[in-house]
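# Structure at a glance
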Amino acid sequence: MKWDIDWRVGIGAAAVVAVAAGMTLRHMFQKPENPEEEERRRRFQLNQIGRIVEGHVVELVEALASKAPDSGTGLFARRKAALPSAGPGAARRLVRYSYSISGVTYETAQDVTGLEERLCLERLAAGQPASVKYDPSNPTNSILVADDWSGLS
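In this text, all values refer to a predicted model and were calculated from it rather than measured experimentally.

## Section: the environment of Leu-121
Along the chain, Leu-121 falls in the loop between strand 3 (104-111) and strand 4 (129-135). Distance from Leu-121 to Arg-93, taken between C-alpha atoms, is 10.0 Å for residues 28 residues apart in sequence. In this structure Leu-121 touches Leu-60, Arg-93 and Glu-116, once residues within four positions along its chain are discounted.

## Quick look at the side chain of Gln-110
Mapped onto the secondary structure, Gln-110 falls in strand 3. Polar contacts involving the side chain of Gln-110 include one to the main-chain amide nitrogen of Leu-144, which spans 2.6 Å. Discounting residues that sit within four places of it in the chain, Gln-110 has contacts with Glu-39, Arg-43, Arg-93, Leu-94, Val-95, Tyr-97, Leu-115, Ile-143, Leu-144 and Val-145.

## Considerations on the confidence of the model for the chain
In the predicted model, the chain carries a mean pLDDT of 82, and 80% of its residues have values of at least 70. Within the model, pLDDT remains below 50 along residues 69-84, and this stretch shows 23 contacts once partners closer than five positions in the same chain are excluded.

## A few points about unusual backbone geometry
Even without glycine at this site, Ser-102 takes up a positive phi of about 50°. The exposure class assigned to Ser-102 is exposed, which follows from its relative accessible area of 76%.

## Some words on the sheet that holds strand 3
Read across the open sheet, the five strands follow the order 3-2-1-4-5; overall the sheet is antiparallel. With one partner strand each, in any of the chains shown, strand 3 and strand 5 (138-143) form the two edges of the open sheet. Direction aside, neighbouring strands of the sheet carry axes that sit 45° apart on average. As defined by bridge partners, strand 1 (residues 51-64) adjoins strand 2 (residues 91-101) across nine bridges and the pair is classed as antiparallel. The residue of strand 2 that forms the bridge with Leu-64 is Ala-91. Strand contacts of helix 2 (residues 35-49): strand 1, strand 2, strand 3, strand 4 and strand 5, with the helix running at about 110° to strand 5, the strand carrying the most contacts.

The rules behind the values
- Residues numbered from 1 in each chain as written.
- Predicted model: local features only at pLDDT ≥ 70, side-chain atom pairs only at ≥ 80, totals over all residues.
- Heavy atoms only, no water.
- Helix = DSSP H or I, 4+ residues; strand = E, 2+ residues; numbered from the N terminus.
- Contact = heavy atoms within 4.5 Å.
- Polar contact = N/O pair within 3.5 Å; in protein donor to acceptor, adjacent residues only side chain to side chain.
- pLDDT = per-residue confidence, 0-100.
- Buried < 20%, exposed > 50% of the residue type's maximum accessible area, 1.4 Å probe, protein only.
- Pairing = 2+ DSSP bridges.
- Axes fitted to C-alpha atoms, helices over the stretch in contact; angles between N-to-C directions.

Written out as structure tokens, the structure reads:
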């Protein structure tokens, strides 16, 4: 029995292996994204595709930011970038809120540090009604405030 492999199949398999190896190496050595920029993009996307549901504010929390921990040691360890505006001891403002979709109640928090101009923090109170934008394909992904939208009146 003779194993004749078409040379085109061999080249195709080699190309697939090369692409997979390249993607793996890129992922391992890629600089981590800035968490602030990643959050800004998440808010932008939710503001574009999100559906609005009524919810309410649970509370406003001020939390101290901490340094992001290392994700490991050695050659392939990746560090998570620390929040640029949040050095150790810096305060972050979180708004906890809840909303219900199809009988399921979600309670979460959004870091609104840097979005204070979109909020009236003096008038923010527990129990206050709010509009929440959520991702219809992932209802746990939601926002209360974005760069150009606010669910608080």
